[in-house]
Structure formats: structure tokens, C-alpha cells
Amino acid sequence: MSKAGEDAKFFQRGKIEEFRKELQEAETKDKKFIKRKTALKKIVANITMGNDMSPLFPDVVQCLVTPSLEIKKMVYLFLVSYGRSRPNQVEYVIPAFLEASDCHDRNPLIRALAIRTMSYIPLQAVLEALVDPLRASLRDKDPYVRKTAAICVAKLFFHDAVLVERESFIDMLRDLLADANSTVVSNAVAALMEISERSDKISLKLNFTVANKLVMAMGECSEWGQIYILDSLLSFVPQTCQEAEQLADRIVIRLQHANSAVVLTSIKVLLFLMNYMDNKKVIEFLCRKMGPPLVTLLSSGPEVQYVALRNILLIIQRRPTVLRNDVKVFFCKYNDPIYVKLAKLEIMYRLAREENAKEVLAELQEYATEVDIDFVRKAVRSIGRLAIKVEPASDMAIQVLLELIDNKVSYVLQEAVIVIKDIFRRYPGKYEGILPKLCQNIDVLDEPEAKAAMIWVIGQYAFRIDNSEELLDDLLYSFLEESAEVQLSLLTASVKLFVYKSNSTRAKDLVHKVLKWATEEVDNPDLRDRGFMYWRLLAISPATAGEIVLAEKPPISTDTDRMERGALDQLLLHTGTLASIYHKNPETFIRNARGKALVDSPALNENSRRVLISLPDAYMPGPAPNIPPPPTPSTKPRSTRDTSPDSAGDVSNPASPAVGPPVPHDPYANLESVFGGAYDADVPRPMTDGPGRRGTVVDDEDLLF
Amino acid sequence: MTIDGLIILDHTGRPIIQSNFASSPAYPLLHIDAVNDALAKSPAGAVDPVLYVSGPSGPSACCHVACNGLRFLCPVSGEVDPLFVFAFIQTFVDILRDYFGDLSAASIRENFDIVYQLLEEVIDDGYPLTTELNALRDIVLPPTFLKKVISVAGITGLSKATGHPFSSPIPWRKAGLRYNNNEIKFDVIEDLDAIVNKNGSVVTSTVWGKVQARSHLSGVPDLLMTFTNPQVLTDCSFHPCVRLQRWTRDKSLSFVPPDGAFVLMEYRYTPPNAALTASSQANIPLPIALKSSVTLTEGGGTLDLTLTSRMGIAMQSATVELFLGSGAQSANFMVSGGGSWNFDPKTLILRWTISPVPSSSSHTLRGSFTSSETVPRIGSALKATYEIQPHSYSGLKVDQLKVSGEQYKTYKGVRLRAGGSIEFRW
């Protein structure tokens, strides 16, 4: 064992001259190359600290002739670091040393290292010099060299695609797919995948025979090789259901691999192949097989758990039978990191059904007493969403919410008010009995969203709340200082109050006061316009105004809270990848990334075909991710304000920028604005047959919400 | 599927190792800053492990993992599977551990040249390359061995390190191994993970098990391991050396082991009564019980905890932890029945340790703490961890281990160890 600090002392800021002298001295009387090695170590240490060692170029290069692998490696590192900035010298060195001697060395490690080093230096002369040795390496007798060469082709393609095509390296890569060594096969697959991702002309398409052979070769591959091969299988389009089933049958066994990435990539391929199957029994069997390995991922570290959870969330939306009975696995531990907790919460809500609603609610109530405020808020919100989603559980949910309100913790209370408003909407006439309890807590509310929700409740149920005039009057006290969201709701609530209690002078005074403020004192055009509209309505015909303002509202449900089927199918092709973490198609946020889409074939499942999304022929890059999307109401997904669009436009207009909904520290919240949300968080929406509901209108046997 | 590079930061957030990046030098710096910024903003250190990084050359993501006071960063700019990245980081950490014994900023600084050599081998242009330790040791000499070679035989590093790399027909096993004493030992380690509600009922519990092995066998032995009760194993995952077909056929493990330490299999233990319930979960009897009474008052609170062992044998140790809230100032407790307590003013965690815990014994911790908060918001769960040896929740039993293909006598051994981490809500 080396003594502590023995190497660490190399990390002193070295002087170029000193090193040069050391190297020169090392040329004589350095039988064991120890002097040279020590000097080079110091130089490399300095490179890693970011000190410029490039003036030593000629001296260091001299060491290339030293027959020591360790020294060669350090010189290669030096070449890679400074090659680009010293084109003239490199052009002299490379052909002389690497191409002439190292590429023909007896030692396969040195042969491989030589081509690798050259492929790292993107200078035309170097790349040209690489062509011949690379061709030889692709046919080298040693698999280590062949597998290194395969990756080098992809690198070369990145720097000079024309050169690669001219030298027909692609064909040679294709030949390597039949190599006897499976690591070489998997590296060739990886290289071809990378090239087809970057090229417009070349795209990897596998037929059944090749796909099958690759799957057979997988058994002997390293975990990384297995991942490359599995990933490449998405380039295979099954032409018959049998093909898909046979392949799936061979892949299922990979679910038992110890490497979590192998497991998740296998699941991605299985989900993909399931689109091309029609035998329900097989599909069910595969779904059953997928659950346990997903659960096993949760025994890993929090990072892996997080990725797994985000993916599980997608998978259970498309294949709800997976993990159907495993909601308990997703219960949060107090010591879980917050990002794991939030991801678990989302899944718990998804998996909640009548049968397990009680357990889930009890858990959510538990979380509502924890320390972390964001988590508590999400938990309370989930209780509300659960009440809306699972009708038989709504009584229990209301009970839980009332108990939480009794705890008098301000942010819990505010969140509870917000969700109760939605519950009122969902089950009209069922829970109005709790109105007095809500009204007792008005004073605590200080967040715009909660306040607006409470005001909506007062306005909507003005006829049932005895002192509604008084309550509203109190709230109006600070009208001019309120945020636009609260102002809008106050305006509408006052109008409702007046419509209900047109005989009350106090109500009349109130509405007058508000309309005057809205139209004369406020700069917000939205508020002003609405004020004028109400005013005229009331002036022309109070009866009509009543009909409009108190029109029957469409019931809300959480039906629309899941992703559209076609989009889901598309995202699932990216299972495990960044896209699945952020729930966006990659072309919208990654440079050079391409969307994937299911490809039609005779075997494609009817349900998948119906929602098939095809990619545009000419690939158009997604919008620059730093530019926020135009603020159209439909792309403002996280706002619960969208959830109460009364027919008369009530408090739902999200036009004002001042009222961001409070969703702080949601791990994906900041992405929402960056990417222009395509994935809607599940806020309850009015039930409409909008275009976004294609997938649910038709019979969908595999979507069980 | 490529990783842009690997960066290792020390505990202050300064880079100590940085692999070669194809892009501009600003790119890795951008990621280092992004991670450091995010960590600075989050006091608990719970930063989204896949951090979104936006830069002048476009968006990218940074996957990062903390390990032994170090932080491993892998920037990715393509459509990559983050699990692939985390799996790679984990593999690299395992390799460093194997090479340097312990993993720390000091051991990495000391051996930076070896770390760089390793990086060269394990990752090529973002593709993980050679990560099998057996193969790696052939190409990059571990520090101890390297020193020995240089001092004893002069510079034969070249011939020694190369020989015939990858000459072994089995990727995970070196060719030509020779031991005087041939032995293979197995550790069956099971960990219980559970949540217990206020009323003492178990909300959820899972037992994760793994079989760790340490093999020192000559030549190419072919092993066959059978269990008397393989039905207790569910959701198994295996080291690549295990022949999966054989397992599917008769639930026996047939394999040619790697040399040295490795994890043979991982599994989940499902108790037999699980089949009766709809859920795949059923509760396993917990080896300890913890009764708590917590009273929070203005500026503090009192605790009264009783831990009872339900085991027929002694436990090596048990620890109970509780977060006393961000305003916690001091604590004063008394233990009875053996054990000790301490309060860490930095993490604000009260820790009660009992070691050993005699069979069926009872222990208490009573006392109070003070806090600057008017209503102290303390952790809503007590976390208890313990270790029992020898014990196994599943009762998994190795029936036989047959060695074929080699003539020598093999020493074999199996040890059982059980641990647990239970959250008791109060």
C-alpha cells in the first residue's frame, strides 16, 4: 500500500521547466523508467488540476517510445488533453508513432489504445490517419481490439460522417453483428444505434432473424451489452403477433438480472412488444411478470428508487394491472428523501381504488402531520383528489379533511379548503353540511388560492350561509390589496350573493361597491372587463344574470388527469430514460434527440393503432427549451384555478401573471415552465369530451380507471 | 446511451477527478456548479438526483450520487436511461472500493493515476466498457500489486499487466487461478423494512434478502447449490454467472463463480400466508416492539420509550433515532436496562443505542428535551435499526453445495445474518 500523501504531493502547482528537466534527465540512466513515470505522473496530476501543461508537448511525446503500458497511457492522456490545441505537432506525432508502431503492436491493449486515442482527437489529419488502422482493427483477431474499434466508428462518424460512409465502415459494423464474441456484437449494436440516431440517411432496422440472434447473444454479454441490445430491439417492428410473443418470451428472463438498468430496459422492450400482441393471456402474463422486478428496484438507493418511481407512474397508467395490488409498497417512510416521497405519493393516488381507499387515506392523513410543508400540502391535496376519484371513499375523505382542519395548522387548513371546494363541485348537495366549519376558519386563510376557493364557496352557497353578507363584507375590506385571483373571485361571489339575496340591501351595497372598484380603481383589464360585463348584465336583466352566474356547472372528475393514450404509448418507448423522468418527449428538451413512435405493422394491436401518433416526416427540432410557451390557458396545467370554469367565467381566468399557484419545491415543477408543460398534473377537470379524450371514448380494455 | 463523463467531488464540492469531456471545458464546470448550487439551497441535502442543467450549448441533465463523503457526477446530454448512469456509478464505486480498500478523498488523491487508468478502461466515449473486476485487474494493476511488481521484479509492468487480457473464456472469472486452500463462503443477509402505526399495527413490511459469496477456488469449478425450502424466495435477481434456465427448471443455482467477493442472488421473502391475501405483502412478525409516549409542551417535550426484544436469542445491537425538530437545543434522558443515549446538536437527532440486547429483554429511555420552537415539530416516526446474528426471517436453508469440474477438497460455509429498519410512528 502506498504511503498516505505519497502521490498527493504531485498536486503542487508544478513548473513547466522543472518537469521538462526531469523528463530530459530521465532519458539517461532510467533503466526502470521510474524517473520518467514519476515526472509524467506529476504532469498528469497538473492536467487534472486544470494547469496548462501543453508547452511540454514535444517532451512528453518523446516518451511514447517507452515500452511501458503505464507510461503510454499517461502520454495518451496528455495527447487527448492537448491534441486539439496543438494541431501542427499532433499531425506530426500521430502518423509517426501511433499509426506506424502502436497500431501494430503485439499487445492488443496497445493496439486498441492507439486507435482509441486517435479517435479522441478530432483533427482532419488524425482522422484520415485513423482510417487504415481502424479498418484493420475491425478485423483484428483479438476481440478486445474489435470491440474498441466498433465504438471508434461511432466516434469517427460524429466527427466526419462522409468519411465513414466513404470507407464503408457501416457495412463492417453490420458484419460485426455476426461476430463470435458477444461483447463485440453488443458494441457494434451500440455504435449502429448511435449512428442512426445522428444520421438522416442511416437508420437501424432489425428484422426478426437478426433481432432473434441478438437476443440469443445477450446471454453472454456484460450488463452494458445487454442494455445496448435490448435498446436496439425497439428498432424491430414485429410483423406478426407470434414474432412479438416469441421475442418477449426470451426477454422475460432478463427481468431477473441484478442490474437495475437491465431490468428497466427489458420492461421497456416488453411494453413495446405488447403493442404488437393480441393474445390477452400473454399480455396479462407479461404484466404479472413485470410487477415484482419493479418493486425490487425500490430496495435500491434513493436515486434508483426515484427513477423507478417516475417510470412506475407511467407504466401503471398504461398497464394498470401491473402493481394493482401493491399500493402498500409505495407507502412513504419518514426518512425517505423528499423527492422519493413526492413520487410515491403520486403513485399511491394512482393505485387508490375502492378496495384500498381506506388504507391509503389513513396513510395520507398520517403524512399531513409531518414536518415537511411541501409534502404535507401534496398529501392534503391527494386526499381531495382521492375523494373525487373514488366516490365510495368521499365520505371518509371528508372526515379526514375535517379532522385536519381541527388541527388548526395554517397551511394544512388552506390546502384543505382548496380541495374541499373541488369536492363540493364533484358531489353537489352532499357535503354542504360542513359549511359552518369552513366559515369558522376564514381568518386563517392568507394564501390567494385558498382564499379564492373559500370565496367561491361563500358565493356559491350564499343562500345556505346565514351570515354570508357579513363574511363577504369582511373579506372585501382588503379588496384593492388582494391578488388578481382573489379579486376576481370576490367580484363573482358578490354578484352571486346579490342574485341570491336581491332583497338584502347589504348585498346590494356590496355588489355596488365591488363593481365600482373593479371598473374604476383596478388596472387589471381582465377584472375591469368582467366588472363591466356583470354590471351591464345586472342592469339589463337581473334574472338573466342569475341564470348565467348560477348556471348548473358540469360535474368534475379526475378522468382527464391521466395522459392521453397515444402520448403515453409514445413516452413508454422511452421507459427509463430522461423523457420518462420528466414525462416529456425527448425532442422537446434534448439537443439532437428524436422522438420515437410506434410503427404500424399488421401485428399492431387495434387499441394501439387507434391512438397511433406518427412522427413528422421531416424532423423538426422542438422549441428552444428556454423560451416559455405562449401563455394559452390550455398550457397552464398546474393551476387548480382552471378547475372551476363556471359558465360565466367565474374565478377561473388564469390570464394574470401575478398569481402563480403555490407548488413550491415540486421536483418537476420548474421543468413545467422550462418545457412548456405537455404533461398535466392531475388536477380535477370538468368532464368534457374534448379532443384530449380520444383514448377514453372508445372501448379500452386495458385502461381501467 | 452514452454518458458525457464522470466527475468526483470532495465533501466541499471541489472536483478531485474529472474524466475527459468531448465538449468544451465549461460543460463539466456548469454541472459542478449546478449540483453545488442545488445542494446549497437544500439544507437536508435531498436534491433531485437527476438534476436539470440548462447551459449555453443546450439543456442537459446531471445524475449524481453521494457516497462516503464524495459525490459522483455524470452529466448526460442525450436521451439516456438515468438508471444506466446510476448503475454505472455504482459499478465504478465498487471497483474503486475493491482497488483501494476504502473509498475517500484521500485514497483517490493518493491513487489518482490508477483512477485515471481505470476510467480509461471502464468508459470509452461514454460507453461503459470493461467493468468486470476480474478482467480489470489484468489490465490495471491494483496499487498493492503494482508496488510489489516494481520493487521486486523491476519494471515488468508491461508484460505483467498485459499477458493475455480477456483470455478467460468466462468473462467474470480469471483464467489459471490457484489456491492452496480452496474455500467458498456464503452469507445470507436479510433486511426487514417496516412501518408500524401509532396503534402498533404493522402498516407495511418487506424482507429483502441477498446471498453474498466469497470464493477462493482454483481452476474452473462448477457449483450446484440447492435449497431445502426454495419456495420462500420470490422476485429473485441473479449475478450473471447463474444459469437462469436451471433455476427456472428446478430452483437450484448452477454457476461458475467469479473469484473473490460477489453477490450471488437477491430476493424478497414472502411469508407463506401471503398467498391468502390479495396483496403480495403479508406481515412478518417483528423482532422488536417499541412503545412510546410523547408529550410536547411549549419549548420542549418529554419522551418515554420502551423497547422490548421478542427474540429468543440475543441481538448484537439495536438503535432508536428521533429527530427532535429544527429548534431542539438540549436533551436530558435516563436509560434503564442497559444502553446509552446521545443527542447530536448538528443533526438534531436523539440516538439511543442498546448493545447487546439480551433475549426477551426490556429497555426504557425516559427524559425530556428543550426547544426554541413554541410547538416543537419533531419527527413523526422513531427509526429503529438492529442486527441479529445468526438469524434469518425466511428460514432459508442451503441443502447442498456440489462442486464439480475440479478434484480438490473444498471448504464450504454458510452464515446467516438479519438486520432491520423499522419506523414506529408515535
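Residues numbered from 1 in each chain as written. Chains lettered and ligands numbered in written order. Predicted model: local features only at pLDDT ≥ 70, side-chain atom pairs only at ≥ 80, totals over all residues. Heavy atoms only, no water.

- In the nomenclature of an unreviewed UniProt entry, chain B corresponds to Clathrin adaptor, mu subunit from the organism Exidia glandulosa HHB12029.
- Within the UniProt record for chain B, the comment given under Sequence similarities (unreviewed entry) is "Belongs to the adaptor complexes medium subunit family." (UniProt positions renumbered as here; feature names shortened; annotations may be inferred.)

- Within an unreviewed UniProt entry, the label attached to chain A reads AP complex subunit beta, and the organism entered is Exidia glandulosa HHB12029.
- Of the comments in the UniProt record for chain A, the one headed Sequence similarities (unreviewed entry) reads "Belongs to the adaptor complexes large subunit family."

## Structural notes on the overall build of chain A
- Along its length, chain A carries 34 helices and two strands.
- When burial is assessed residue by residue, chain A has 62% of its 705 residues classed as buried.
- For chain A, restricting intrachain contacts to residue pairs at least 6 apart in sequence, the fraction spanning at least 24 positions comes to 70%.
- Surface accessibility of chain A: about 27,900 Å² in total, with carbon and sulfur atoms responsible for 53%. (Helix = DSSP H or I, 4+ residues; strand = E, 2+ residues; numbered from the N terminus. Buried < 20%, exposed > 50% of the residue type's maximum accessible area, 1.4 Å probe, protein only. Contact = heavy atoms within 4.5 Å. Areas by Shrake-Rupley, 256 points an atom, 1.4 Å probe, with all protein chains shown as cover.)

## A word on the overall build of chain B
- A count of helical and extended segments in chain B gives eight helices and 23 strands.
- Across its three principal directions, the C-alpha atoms of chain B cover 70 × 60 × 50 Å.
- A total of 426 residues make up chain B; the buried ones form 57% of that total.
- The long-range share in chain B, meaning contacts at least 24 apart out of those at least 6 apart in sequence, stands at 69%.
- Counting every atom, chain B has about 17,400 Å² of accessible surface; 52% of that belongs to carbon and sulfur.
- Side-chain charges of chain B comprise 35 positive and 37 negative groups, with the mean position of each set lying 8 Å from the other. (Lys, Arg positive; Asp, Glu negative; His and termini not counted. Charge placed at Lys NZ, Arg CZ, Asp CG, Glu CD.)

## Some thoughts on the pattern of salt bridges
- For the structure on display, the rule yields 39 salt bridges over all chains.
- Residue A:Lys328 pairs with A:Glu359 through a salt bridge whose shortest N-O separation is 3.7 Å. Remark: A:Glu359 occurs in helix 19 (residues 357-367) and A:Lys328 occurs in the loop between helix 17 (302-318) and helix 18 (338-351); sequence separation between them is 31 residues.
- Its relative accessible area of 34% is what places A:Glu359 among the partly exposed residues.
- In this structure, the salt-bridge partner of B:Lys198 is A:Glu366, at a minimum N-O distance of 3.3 Å. Of this pair, B:Lys198 sits in the loop between strand 8 (183-196) and strand 9 (202-216) while A:Glu366 sits in helix 19, placing the two residues on different chains.
- Bridged by salt links that share partners, the residues A:Arg377, A:Arg381, A:Glu415, A:Glu447 and A:Glu449 form one connected network. (Salt bridge = Lys/Arg side-chain N within 4 Å of Asp/Glu carboxyl O.)

## Some words on the domain arrangement of chain B
- According to the domain assignment, chain B consists of domain 1 (7-153), domain 2 (183-284 + 393-418) and domain 3 (288-388).
- Between domain 1 of chain B and domain 3 of chain B, the C-alpha centre-to-centre distance is 38 Å. (Domains from an automatic or database assignment.)

## Some details on unusual backbone geometry
Residues and elements named next belong to chain B.
- Put simply, Ser 355 and Pro 356 share a cis peptide bond, and its omega is -5°.
- Mapped onto the secondary structure, Pro 356 falls in the loop between strand 19 (349-354) and strand 20 (362-371).
- At the junction of Gln 389 and Pro 390, the peptide bond is cis and its omega measures out at -5° in the coordinates.
- Positive phi values are uncommon outside glycine, yet Asn 68 reaches one of about 50°.

## Side note on helix 25 (residues 468-476) of chain A
Residues and elements named next belong to chain A.
- Of the positions making up helix 25, those classed as buried are Ser 468, Glu 469, Leu 471, Leu 472, Leu 475 and Leu 476. For helix 25, the buried positions fall inside an angular range of 165° around the axis, keeping them on one side.
- Where the residues of helix 25 are buried, they touch helix 23 (435-440), helix 24 (448-460), helix 26 (484-500) and helix 27 (505-521). (Arc of directions from axis to C-beta.)

## Some thoughts on the confidence of the model for chain B
Residues and elements named next belong to chain B.
- Taken residue by residue, chain B gives an average pLDDT of 84. The fraction at 70 or more is 90%.
- Note that pLDDT drops below 50 for residues 153-163; the model gives that stretch 22 contacts with residues more than four away or on any other chain.
- Across residues 275-280, confidence stays below pLDDT 50; counting only partners more than four residues off in sequence or on other chains, it has eight contacts.
- Here the prediction assigns the complex a pTM of 0.80, and the interface score ipTM is 0.85. (pLDDT = per-residue confidence, 0-100.)

## Structural notes on the packing of aromatic side chains
- Summed over all chains, the structure comprises 19 aromatic pairs over all chains.
- Taken together, the ring pairs in this structure connect A:Trp224, A:Tyr228, B:Phe84, B:Phe88, B:Phe92 and B:Tyr127 into an aromatic cluster.
- Seen from the ring of A:Tyr120, A:Lys155 lies directly overhead, with NZ or CZ sitting 4.0 Å from the centre.
- The ring of A:Tyr349 is capped by A:Lys389, whose NZ or CZ atom sits 4.9 Å from the centre of that ring. (Phe/Tyr/Trp six-rings, centres within 6.5 Å; stacked < 30°, edge-to-face > 60°. Lys NZ or Arg CZ within 6 Å of the ring centre and 35° of its normal.)

## Examining the side chain of B:Arg425
- Along the chain, B:Arg425 turns up in strand 23 (residues 411-425).
- A relative accessible area of 6% means that B:Arg425 is categorised as buried.
- Separated by 2.7 Å, the side chains of B:Arg425 and A:Glu363 make a polar contact.
- Other than its neighbours up to four places away in sequence, B:Arg425 contacts A:Cys332, A:Glu363, A:Glu366, A:Tyr367, B:Ile195, B:Val196, B:Asn197, B:Lys198, B:Val203, B:Ser380 and B:Ala381. (Polar contact = N/O pair within 3.5 Å; in protein donor to acceptor, adjacent residues only side chain to side chain.)

## A few points about the sheet that holds strand 22 (residues 398-404) of chain B
All names here are of chain B.
- Taken in spatial order, the three strands make up an open sheet running 12-10-22, and their pairing is antiparallel. Edge strands, defined here as strands with exactly one partner in the open sheet, are strand 12 (253-255) and strand 22. Taken pair by pair, the neighbouring strands of this sheet meet at an average axis angle of 10°, ignoring direction.
- Here strand 10 (residues 222-227) pairs with strand 12 via three bridges, running antiparallel. Residue pairing in the sheet places Leu 223 in a bridge with Phe 255 of strand 12. (Pairing = 2+ DSSP bridges. Axes fitted to C-alpha atoms, helices over the stretch in contact; angles between N-to-C directions.)

## Describing the nonpolar core
- If you look at the biggest cluster of nonpolar residues, it comprises 281 residues, and the most contacted ones within it are A:Ile43, A:Phe330, B:Ile8, B:Phe72, B:Phe92 and B:Leu96.
- Ranked by residue count, the leading element in this core is helix 2 (residues 82-100) of chain B, at 13 residues.
- Look past the residues within four positions of A:Phe330 in its chain and what remains in contact with it is A:Leu298, A:Leu309, A:Ile312, A:Leu323, A:Lys344, A:Ile347, A:Met348 and A:Leu351.
- Counting residues in each nonpolar core, the second largest holds 68 residues, with B:Phe186, B:Trp352, B:Leu365 and B:Phe369 among its members. (Core = buried A, V, L, I, M, F, W, Y, C linked by side-chain atoms within 4.5 Å.)

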